[in-house]
Amino acid sequence: MGVSRVFVSGLGAVSPAGWGVAVLGQALDKDEPIPAKSLPRPGWEKPLQVRPVPEPPGRQEFLSHPRLRRAGAMAQHTVAAALEALGGAGGSARVGVVVSMLAGVVTYTRRFYEEVLRDPATASPVIFPETVFNAPASHLAAYLGSTAPNCTLVGDEGMFLQGLALAAQWLEEKEVEACVVIGVEEMDWLVPDALRLFSRQATYSSGAGAIYLTKNSEGARAELAAVTDSFSMTLAQNRLAAARNARAQLPLEAPGELLCASARNLPRSDAAENAAWQDWTGSRLRPKAVLGEAFAASAAWQCVAACDAIRRHGFAAANVSVVGANQQAIGARFTNAELFS
Amino acid sequence: MRFPLPQISALHELRRVVVTGAGVITALGRGWKINAEGFRAGRAAFRPVTLFDVSRQRAKSAAEIDLPDDLPPTRLSPKMTRRVHRAGRLLLLAAHEAWTQAGWEPEESLPVVLGTTSGEMSCGENYLLHAVSKPESQKKQPTRVVQYQLHRQGLDLCEALGFQGPVTVISNACASGSNALGQAFQMVRRGGATRVFTGGYDALSHITFAGFDSLQALSPTSCRPFDRERDGLLLGEGAAMLALESLEHARGRGAEILGEIIGYGAATDIHHLTQPHPDGDAALAAMSAACARAGVTPEQVDYVNAHGTATPQNDATEAAAINRWAGYRATSLPVSSTKAGIGHLLGAAGAVEAVVCLMALRGQWLPPQAALDAPDPACRFRIVRKPADARINIALSNSFGFGGANASLLLRRWA
């Protein structure tokens, strides 16, 4: 039994550009950083500068679901991105869910801990369950009515790509009929406050990206051709070595292909990835430079943008390079499902 | 390359997955030997909480660990060692024991799959406290940020033992440890890796304790799983790590084999974020899937290490699921929850309880439950209440978590 093919059957995005893949694509085509907004930081007169998700165009219908009525932005973004990717294809009990994130459900966690510090005897039992890392994935599964395997992976940006590989494994082993993979982060002053300690130039953003994987080539946006190994950043394998190792597992440049990189247009943090991909002279997308740093969501937007570019601009293939914050370098390759069918 | 996947063979060609190293730390003590003695005797290790103030909480006790002052010698520099906090120390202590027992040597690529619910949550707590109380000061804040990140403990583990990972962290609430072992089992079984270092860890933290207390899930009395009068769980802390490798690889290097993982199943309960469906469909699905993958029937299972938190709803659901899964076998099936002795270890629970199963399989004894007054009549199965030797060939371990994460592992005696 050989490995069968895995197709990208849908894309979803909630980002600082707005709600939907279309507005994400428009923002990336424009290639201009989305203006930052102020976010108050307790104890400071000067606010933090961030790129949050704008208000949705209207009341989201899914918010009427009992599980989502008190869910926070993280679960809402997860569900919105996933539903766009599914495009009405939900409703199966065998849709797997893989969610990746770095910071977790920070807003509810902060709120709950503040209540604990005030008086633990009165801390809200309603908030605490929403603080667990897998709450967004659980809410999505409940909304979809899916009892299939459901997994939350926590780590830096590269964890979204590990999630793609896990979903492909589940599809291959017939654990699921289809799988939606989501990367998500939310906006709370704690995260940009922490990011600022490592990079004064980086602008934190929030949102989610989703990729719906199936074994069905009909109407597919792209084909998932490869996910590289994950190369950890350790003392023996520094950031540059990890980036080079991931790059080495992806093909050399060919005409009509795209590179979707994780660079932010910040020389210091981009140096390793730029060096690893210095041989690439073709088309290049840098979603973080436009949207900001949203960790797992950023990696998801990269993959969404790569697949969207294949469909809209006719690229034969797109390589995605993720050189994460401090854990790993990893890559993925998507091909044009029509050209290679 | 993670995908395309390595060649997946037909079922009969899948690799057998054996455990060649296991390390564990709980409130019973540090290491296999003292824990095996404690679990065999059915000891309990609860005491008043000292790590944070619980004077305003309903519950006052937990299974706290007396951490040793020093970590075993590793490749971490003194500075890096000092930065490792409580959860990371638990993980490193368990990992060092498993690594040593397995006799493994570092290699460039050795996957690490970990389960945890909150990693180094106390660093997150301290970050917020500092950020609010001293907003202009950044002292130690970068370190707190880095240590709070769940993958940091995995990377420290790689640095300590001299290999590169990759590191995968699964956070599916209280099923995290079992999910991590299950994912590692799958990687070796299908040929994606020859060896995987896997386990779970969690340390007590104020926010988690207060959270379970706010839900009135903590017992103000004692932890009595499957008791008619049970009134909640007690939290614990700990870690367990297992060295998994293919049978072929283990035999090739002449390794001592502690046991075999033969099955894993996972399913999602979508009933409620914190409450399982009373029928236990997802638990039943997880147990059934583990058995199907192993080609084992419930009649062949000799012991079940239940999730058994001692909350009224969890135990009722699990009892219903075990009754349905085991069928007529239920009336003679030995079941116990070792959480009665060491508390609920959250993300570490599945890994520690898998090690308990390995201990029972190797020692040929049943782990008695540390506390039980009157069994809930809903339990058709036999709850192990006293230390007893027994012939055990196959053991099943259940883990169920918030968000409806359900996982079951099947382990077999190596003889």
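Residues numbered from 1 in each chain as written. Chains lettered and ligands numbered in written order. Predicted model: local features only at pLDDT ≥ 70, side-chain atom pairs only at ≥ 80, totals over all residues.

### Thoughts on the overall build of chain B
Along chain B, the regular secondary structure elements total 13 helices and 16 strands. Relative to the globule expectation of 22 Å for 415 residues, the C-alpha radius of gyration of chain B, 20 Å, shows essentially globular dimensions. For chain B, the C-alpha atoms occupy an extent of roughly 65 × 55 × 40 Å along the three principal directions. Residues counted as buried form 66% of the 415 residues belonging to chain B. In chain B, 81% of the contacts between residues at least 6 apart in sequence involve partners at least 24 apart. (Helix = DSSP H or I, 4+ residues; strand = E, 2+ residues; numbered from the N terminus. Rg over C-alpha atoms; globule rule 2.2 N^0.38 Å. Buried ≥ 20, exposed ≤ 12 C-beta atoms within 10 Å, placed from the backbone. Contact = placed C-beta atoms within 7 Å.)

### Things to note about the overall build of chain A
Along the backbone of chain A there are 10 helices and 15 strands. For 341 residues, the compact-globule formula gives about 20 Å, and the C-alpha radius of gyration of chain A, at 19 Å, lands near that figure. In terms of principal-axis extent, the alpha carbons of chain A reach across some 60 × 45 × 40 Å. Counting all 341 residues of chain A, 63% fall into the buried class. Taking all contacts inside chain A whose residues are at least 6 apart in sequence as the whole, residues at least 24 apart take part in 77%.

### Points about helix α10 (residues 296-313) of chain A
Residue and element names in this part refer to chain A. Relative to the 26 Å expected for 18 residues at 1.5 Å per residue, α10 spans 25 Å between its end C-alpha atoms, a close match to the ideal helical length. Counted residue by residue, α10 has 15 buried out of 18 residues, so it is predominantly covered. Taken from the residues just after α10, Gly314 is the one with a positive phi, measuring 75°. (Expected span 1.5 Å × (residues − 1).)

### Regarding the nonpolar core
The biggest cluster of nonpolar side chains holds 286 residues, and the ones touching the most others in it are Ala210 and Leu213 of chain A together with Leu242 of chain B. Take this core: its biggest share by element is 12 residues, from α10 of chain A. For Ala210 of chain A, the residues in contact, after removing those within four places along its chain, are Leu11, Gly12, Ala81, Ala82, Glu84, Ala85, Val180, Val181, Ile182 and Ala300 of chain A. (Core = buried A, V, L, I, M, F, W, Y, C linked by C-beta atoms within 7 Å.)

### Thoughts on the domain arrangement of chain B
Residue and element names in this part refer to chain B. The domain boundaries assigned to chain B delineate domain 1 (17-252) and domain 2 (262-412). Relative to domain 2, the C-alpha centre of domain 1 lies at a distance of 21 Å. With 60 residues of domain 1 at the interface, the matching set in domain 2 holds 57 residues. Every element with two or more residues in the side of domain 1 that touches domain 2 is listed here: β1 (17-26), α1 (32-41), α7 (176-189), β7 (195-202) and β8 (238-246). Among the elements that line the side of domain 1 that touches domain 2, the one with the most residues is α7, at 9 residues. (Domains from an automatic or database assignment.)

### Some remarks on the interface of chain A and chain B
Counting residues at the interface gives 66 residues for chain A, matched by 58 residues for chain B. Contributions of two or more residues to the side of chain A that touches chain B are made by α3 (106-118), α4 (135-144), β6 (150-154), α5 (159-172), α6 (190-195), β10 (222-227) and β11 (231-232) of chain A. Partitioning the side of chain A that touches chain B into residue classes produces 37 nonpolar, 22 polar and 7 charged. (Nonpolar A, V, L, I, M, F, W, Y, C, P; charged D, E, K, R; others polar.)

### Let's talk about the packing of α5 of chain A against α10 of chain A
Residues and elements named next belong to chain A. Running from amino to carboxyl end, α5 crosses α10 at an angle of 60°, the nearest separation of the two axes being 8 Å. Judged by the angle between their axes, α5 and α10 are oblique. Contacts from Met159, Phe160 and Leu161 of α5 reach α10 at Ala296, Ala299 and Ala300. Across the contact of α5 with α10, the residue classes tally to 6 nonpolar, no polar and no charged. (Axes fitted to C-alpha atoms, helices over the stretch in contact; angles between N-to-C directions. Parallel < 35°, antiparallel > 145°, perpendicular 65-115°, else oblique.)

### Notes on the domain arrangement of chain A
Residues and elements named next belong to chain A. Here chain A is partitioned into domain 1 (6-214) and domain 2 (222-335). Of all elements in the fold, only β1 (6-15), α1 (21-30), β5 (95-101), α5, β7 (178-185), β8 (204-205) and β9 (207-214) reach the threshold of two or more residues within the side of domain 1 that touches domain 2. Considering only residue class, the side of domain 1 that touches domain 2 consists of 31 nonpolar, 14 polar and 6 charged.

### With respect to the sheet that holds strand β4 (residues 48-51) of chain A
Residues and elements named next belong to chain A. Overall, mixed pairing links the 3 strands, which are arranged β3-β4-β8 in an open sheet. The open sheet has two edge strands with one neighbour each: β3 (37-39) and β8. Note that β3 and β4 share 3 bridges and pair antiparallel. Across the sheet, the residue bridging to Lys37 is Val50, located in β4. (Pairing = 2+ DSSP bridges.)

### Here we look at the packing of helix α2 (residues 73-86) of chain A against α4 of chain A
Two numbers describe a pair of packed helices, the interaxial angle and the distance between the axes. Residue and element names in this part refer to chain A. For the pair α2 and α4, interaxial distance at closest approach is 9 Å and the crossing angle is 45°. In terms of their interaxial angle, α2 and α4 are classed as oblique. Crossing angle aside, the handedness with which α2 passes α4 is right-handed. Within the contact between the two elements, α2 uses Met74, Ala75, Thr78, Val79 and Ala82 and α4 uses Ala135, Pro136, His139, Leu140 and Tyr143. Grouping the constituent residues of the contact of α2 with α4 by class yields 8 nonpolar, 2 polar and no charged. (Left-handed = near helix turned anticlockwise from the far one by under 90°.)

### A word on the environment of Ile207 of chain B
Along the chain, the position of Ile207 of chain B falls in helix α8 (residues 206-214). Note: C-alpha distance between Ile207 of chain B and Gly124 of chain B (83 residues apart in sequence) is 9.9 Å. Those residues in contact with Ile207 of chain B that sit more than four places away from it in its chain are Phe112, Tyr113 and Val116 of chain A together with Met121 and Glu125 of chain B.

### Regarding the pairing of β8 of chain B
Along any regular strand, the residues point their side chains to alternate faces of the sheet. All names here are of chain B. Counting buried positions along β8 gives 9 out of 9 residues, so the element sits mostly inside the fold. The alternating pattern of β8 places Gly238, Ala240, Leu242, Leu244 and Ser246 on one face and Ala239, Met241, Ala243 and Glu245 on the opposite face, and all of these are buried. Looking at chain direction, β1 and β8 are connected through 8 bridges and run antiparallel. When the bridges of β8 are listed, Ile25 appears paired with Ala239. Note that β7 and β8 share 8 bridges and pair antiparallel. Considered in β8, the bridge of Val196 is made with Leu244.

### Observations regarding α5 of chain A
Between its terminal C-alpha atoms α5 of chain A stretches 20 Å, which fits the 20 Å expected from 14 residues at 1.5 Å a residue. Lys174 of chain A, located one to two residues past α5 of chain A, shows a positive phi value of around 60°.

### A look at unusual backbone geometry
Residues and elements named next belong to chain B. Between Phe3 and Pro4 the backbone carries a cis peptide bond, its omega angle lying at 5°. Cis geometry is found at the peptide bond from Gly165 to Pro166, where omega equals 15°. Unlike most non-glycine residues, Gln364 shows phi in positive territory, near 60°. With 14 C-beta atoms counted inside 10 Å, the residue Gln364 sits in the partly exposed group.

### Some thoughts on the environment of Arg190 of chain B
All names here are of chain B. Residue placement: Arg190 occurs in the loop between α7 and β7. The exposure class of Arg190 is buried, given the 20 C-beta atoms found within 10 Å. In sequence terms Arg190 and Gly232 are 42 residues apart; their C-alpha atoms lie 40 Å from each other.

### Examining the pairing of β4 of chain A
Looking at chain direction, β4 of chain A and β8 of chain A are connected through 2 bridges and run parallel. When the sheet's bridge partners are listed, Arg51 of chain A is paired in β8 of chain A with Ser205 of chain A.

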